[in-house]
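# Analysis of the macromolecular model
The primary structure of each chain is shown beneath.
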Amino acid sequence: MAQNESTAKRQSSISSKFNQSLLTLFLVLVLALIPIMYYLTKTQVLSQANKELTLLVDMVKSVRNVVREDTRPHFTPKGEFFPIVVSSTVMAKTVASKFARIRPEYYIKIFSDNPLNADDYPDSLETELLGRFRQNKRLKTIVETGTIRGQNYLLSSAPATVKKGCLLCHGDPARAPLAISKKYGTESGYGWTVGNVIGGIAVGVPLDNINAIAVKRTLFALLALAVVFGVLYIYINTIVRRSIITPITEIAEKAQKISHGDLGDAIVTDRDDEIGELANSFEMMRRSFISLVRRIKANNT
Ligand code: HEC
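Predicted model only: the values in this text are computed from it and were never measured.

## Observations regarding the coordination of the iron atom of the ligand
You will see that the iron atom of the ligand has only one donor from the protein, His170 (NE2), lying 2.1 Å away. Note that His170 resides in helix H5 (residues 167-170).

## Structural notes on the site of the ligand
The environment of the ligand is made up of 20 residues, and the closest members are Lys93, Asp120, Cys166, Cys169 and His170. A distance of 2.4 Å separates an oxygen atom of the ligand from a polar atom in the side chain of Lys93. Side-chain polar atom of His170 to a nitrogen atom of the ligand: 2.9 Å apart, as the coordinates give it. Counting only elements with at least two residues in the shell around the ligand, the list comes to helix H3 (88-102), strand S1 (107-112), H5 and helix H6 (178-184). Considering only residue class, the shell around the ligand consists of 11 nonpolar, seven polar and two charged.

## A few points about the pattern of salt bridges
A pair can form between side chains of opposite charge whenever their charged atoms are brought close. Enumeration according to the criterion identifies 11 salt bridges in this entry. Ionic pairing is found between Arg286 and Glu283, a salt bridge with its closest N-O pair at 2.8 Å. A residue pair is termed a helical-turn pair when its members lie 3 or 4 positions apart in one helix, as Arg286 and Glu283 do in helix H8 (residues 274-300) at three residues. Since its relative accessible area comes to 7%, Arg286 is described here as buried. On the accessibility criterion, Glu283 (7% relative accessible area) is buried. Here the salt bridges share partners, and the residues they tie into one network are Glu128, Arg132 and Glu144.

## Here's the deal with the nonpolar core
Leu53, Leu154, Ile201, Val203 and Val205 are the most contacted members of the largest nonpolar core, which totals 16 residues. Of all the secondary structure elements, the ones that give two or more residues to this core are helix H1 (2-75), strand S3 (151-161) and strand S4 (197-206). Setting aside residues no more than four positions away along its own chain, Leu154 makes contact with Leu46, Ala49, Asn50, Leu53, Val143, Glu144, Thr145, Val203, Gly204, Val205 and Leu207. Judged by nonpolar contacts, the second largest core, of 12 residues, contains Tyr107, Leu125, Ile148 and Tyr153.

Reading guide: rules and limits
Residues numbered from 1 in each chain as written. Predicted model: local features only at pLDDT ≥ 70, side-chain atom pairs only at ≥ 80, totals over all residues. Heavy atoms only, no water. Donors = N, O, S within 2.8 Å, 3.2 Å for Na, K, Ca; no water. Helix = DSSP H or I, 4+ residues; strand = E, 2+ residues; numbered from the N terminus. Near = heavy atom within 4 Å. Polar contact = N/O pair within 3.5 Å; in protein donor to acceptor, adjacent residues only side chain to side chain. Nonpolar A, V, L, I, M, F, W, Y, C, P; charged D, E, K, R; others polar. Salt bridge = Lys/Arg side-chain N within 4 Å of Asp/Glu carboxyl O. Buried < 20%, exposed > 50% of the residue type's maximum accessible area, 1.4 Å probe, protein only. Core = buried A, V, L, I, M, F, W, Y, C linked by side-chain atoms within 4.5 Å. Contact = heavy atoms within 4.5 Å.

Below, the structure is given as structure tokens:
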């Protein structure tokens, strides 16, 4: 019984050393996994959103260029001020509102804090962007993440600077095209000054919830890691038991017999590693004991 107990203790101490190292390695990997997964997810989500964003921004630019290059030069010389064909802003706003019907998850807004259309007042994030554009006139675009009405976006924004041509509709309300003062009144959206940043455009693509994706991926990676380590645990423990603990226990039992004077049991091994060496040393010791005992007996008779 006592022998069994000590065997169990030996067995547990060798494998527990292996298991401890395995567990430490597992924990280190788990700890490293969390920031790595978060970083990878964030980079991937942002670069995906960035691709979409540049596409959308360029599309909006192209829409505005249609007015600047194609319709406006055709209509203004004739004195026609139908807004959608002379104002790239009105064209962009109209396209954006139609686009929003098909793809409501994207965000396109042209805003001003002195707008013709009351819908175009900036929200809090846009007010902050407007402030930054006004403070630094050389700032041409800001790309960063932001939250609008509870949704996370990757936003690209640019300032709208008043040029001479704008004053036709946004200058003196008394001289603005009748269609405009009739539709929007004469209170707001006029009196702009050339060179001022009067508003801006914000284009946003929805950002998936980085944290939620990162958590999901981390859990998945943890599961995979746990499976790998589980298999490794079983494999290593089997190997350790089979090739180290069991043979050492056998040698120890035989050595114990020798110490009790039972010299008849040979210690045989076919291994040529350290355990084989240990077994052979015990076997040599056993044989030396036998010849020693014989010599002593011979001397005594
Ligand atoms: C032909 C008239 C016309 C001209 C010229 C014009 N706009 Fe406008 N603009 C409008 C109208 C009409 C709206 C309102 C559209 C709507 O209902 O949303 C508007 C809206 C805007 C808005 C959104 C805020 C608001 O007032 O509702 C901005 C910003 C803007 N224009 C900037 C400009 C700039 C900058 C220029 C010159 C480069 C310019 N506009 C030239 C007619 C014009």
